[in-house]
Amino acid sequence: MTEKSKYDAACLPDLLPIYYKKLFPYGLYYRWLNYGGVPKTYFANREFSFTLKDDVYIRYQSFSDQQELEKEIQKRCPYKIDIGAVFSHKPKDHKTVKAAAFQAQEKELVFDIDMTDYDDVRTCCSGADICEKCWPLMQVAIKVLDRALEEDFGFEHRLWVYSGRRGVHCWVCDETARKLSQNGRTAVAEYLSLVKGGEHQNKKVSLDTPTLHPFISQSLEIIKDRFDDYAVKKQEFLGDEERQKKVLSLITEEKLRSPLEKNFEQEFQGAVSKTAWDVMKKFINAEKSQYKGCKYVLEEIMLQYCYPRLDVNVSKGINHLLKSPFCVHPKTGRLCVPIDPKKIDDFDPMAVPTISDILEEMNAVEKEDSNKRTKDFKGTSLKDCIQIFEKFVKNLEETWKGKGRLIEQSDLTMEF
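Residues numbered from 1 in each chain as written. Predicted model: local features only at pLDDT ≥ 70, side-chain atom pairs only at ≥ 80, totals over all residues. Heavy atoms only, no water.

Chemist: Can you walk me through the environment of arginine 59 in this structure?
Modeler: By the secondary structure assignment, arginine 59 is in strand β2 (residues 56-61). Relative accessible area serves as the criterion here: at 29%, arginine 59 is assigned to the partly exposed category. Look past the residues within four positions of arginine 59 in its chain and what remains in contact with it is Glu47, Phe48, Ser49, Asn319 and Leu321. (Helix = DSSP H or I, 4+ residues; strand = E, 2+ residues; numbered from the N terminus. Buried < 20%, exposed > 50% of the residue type's maximum accessible area, 1.4 Å probe, protein only. Contact = heavy atoms within 4.5 Å.)

Right under this line is the structure:
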């Protein structure tokens, strides 16, 4: 991973006004959230929230059009922008509407994967820290979930975004996804959840079925392809006695676990993970058929260590807010940038530009291009990220063509 230039959080109040004036992609952003302007109130009834300096939090912001959004963002220079649901009324007018009448009606189906939820299975970092040894967990999460959302559910319009620090978000923007009820969102989130149980529950994956569901089989193919490089090599997940005990504790059948424990105690103290994992796999594959419920012991271990850990509450609620793309993370200074899921292996979170980086790059371009023939972002590290976003928005717009014209024609018919 490549660490870019150092960022000074104390400078953020000076940098944000320039960023919001010259670099934030308002046009594309509005085109995305306006969804073709059908219905016409779609954007105006959308909730935004701003977190300002000193953690001042303002909810129920809404804007009639791009210009109003642009003006307010530039006036307040939020440290964080969150996007919420499309409501029955303008969120800024919510105090003038009876509570029962002010209802969240639509929102993208969203997913939030945070590296802190993997602290029990990563050995290199904890909390908000990430490094090249644990980042592969996010690569696996994107590969597993993106495949399932596309192939199992048929969702075409999936916007993946790096959170700016330690995780990733996904916005599923198909019309069918935006119109899902809370029950529908819960069903999708539950379908995609395999790792269950809090920090005090030891074994979090149980595959107690005669045959694996195709979704689990396909997810395992992705994980198996990366498990040795990530868990065995990068994490050394069986590299010492404590880690070995942790893995062995996931084998609930005592008659299968006990011989392995003895083997590890006698022969594999100080052994490299690869040797220990090879022995473990060979022994379990030879013995597991003798014991009920042990058919998928190795698969359960791999899923527990690598399968995506979803914050299901974020996905279930229609009115749950999620951090907006193109925010600046106040602690790291990094931008929340769109990611191409097909090129996730090439994405380096440490190389994501900070606000300081891109403003320096912009200044350099402005000095060279005194006639301002170039858009501000085009000479900066933001260019590739905005191109990913633009491609996503254009693909969305293809689905609206004709739809708006049909609705306009029906409006005209009704007027006459």
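Moving on from the model shown.
Chemist: Which parts of the structure should I look at to understand the side chain of arginine 158?
Modeler: Mapped onto the fold, arginine 158 is located in strand β6 (residues 158-162). Judged by its relative accessible area of 12%, arginine 158 is buried. Here aspartate 146 takes part through its side chain, which lies 2.6 Å from a polar atom of the side chain of arginine 158. At 2.7 Å, the side chain of arginine 158 forms a polar contact with the backbone oxygen of phenylalanine 155. Those residues in contact with arginine 158 that lie beyond four places of it in its chain are Asp146, Leu149, Glu150, Cys170, Trp171, Lys342 and Phe392. (Polar contact = N/O pair within 3.5 Å; in protein donor to acceptor, adjacent residues only side chain to side chain.)

Chemist: Whenever I open this one, the nonpolar core confuses me. Can you help?
Modeler: Burial of nonpolar side chains together is a common tendency in soluble globular proteins. If you look at the biggest cluster of nonpolar residues, it comprises 131 residues, and the most contacted ones within it are Tyr19, Trp32, Met280 and Leu382. Excluding its chain neighbours within four sequence positions, the residues that come into contact with leucine 382 are Tyr19, Leu23, Phe326, Leu335, Val337, Ile358 and Phe377. (Core = buried A, V, L, I, M, F, W, Y, C linked by side-chain atoms within 4.5 Å.)

Chemist: I'm lost on helix α14 (residues 382-400) in this one. Help?
Modeler: Think of an α-helix as turning once every 3.6 residues; residues three or four places apart then point the same way. Taking 1.5 Å per residue as the helical rise, α14 with its 19 residues ought to reach 27 Å, and the 27 Å between its terminal C-alpha atoms agrees with that figure. Three or more residues of α14 are buried, namely Leu382, Cys385, Ile386, Phe389, Phe392, Val393, Leu396 and Trp400. End-on, the buried residues of α14 take up no more than an arc of 120 degrees, which puts them together on one face. Of the exposed residues in α14, the ones pointing more than 90 degrees away from its buried face are Asp384, Lys391 and Glu398. (Expected span 1.5 Å × (residues − 1). Arc of directions from axis to C-beta.)

Any functional reading would require information beyond the geometric quantities listed.
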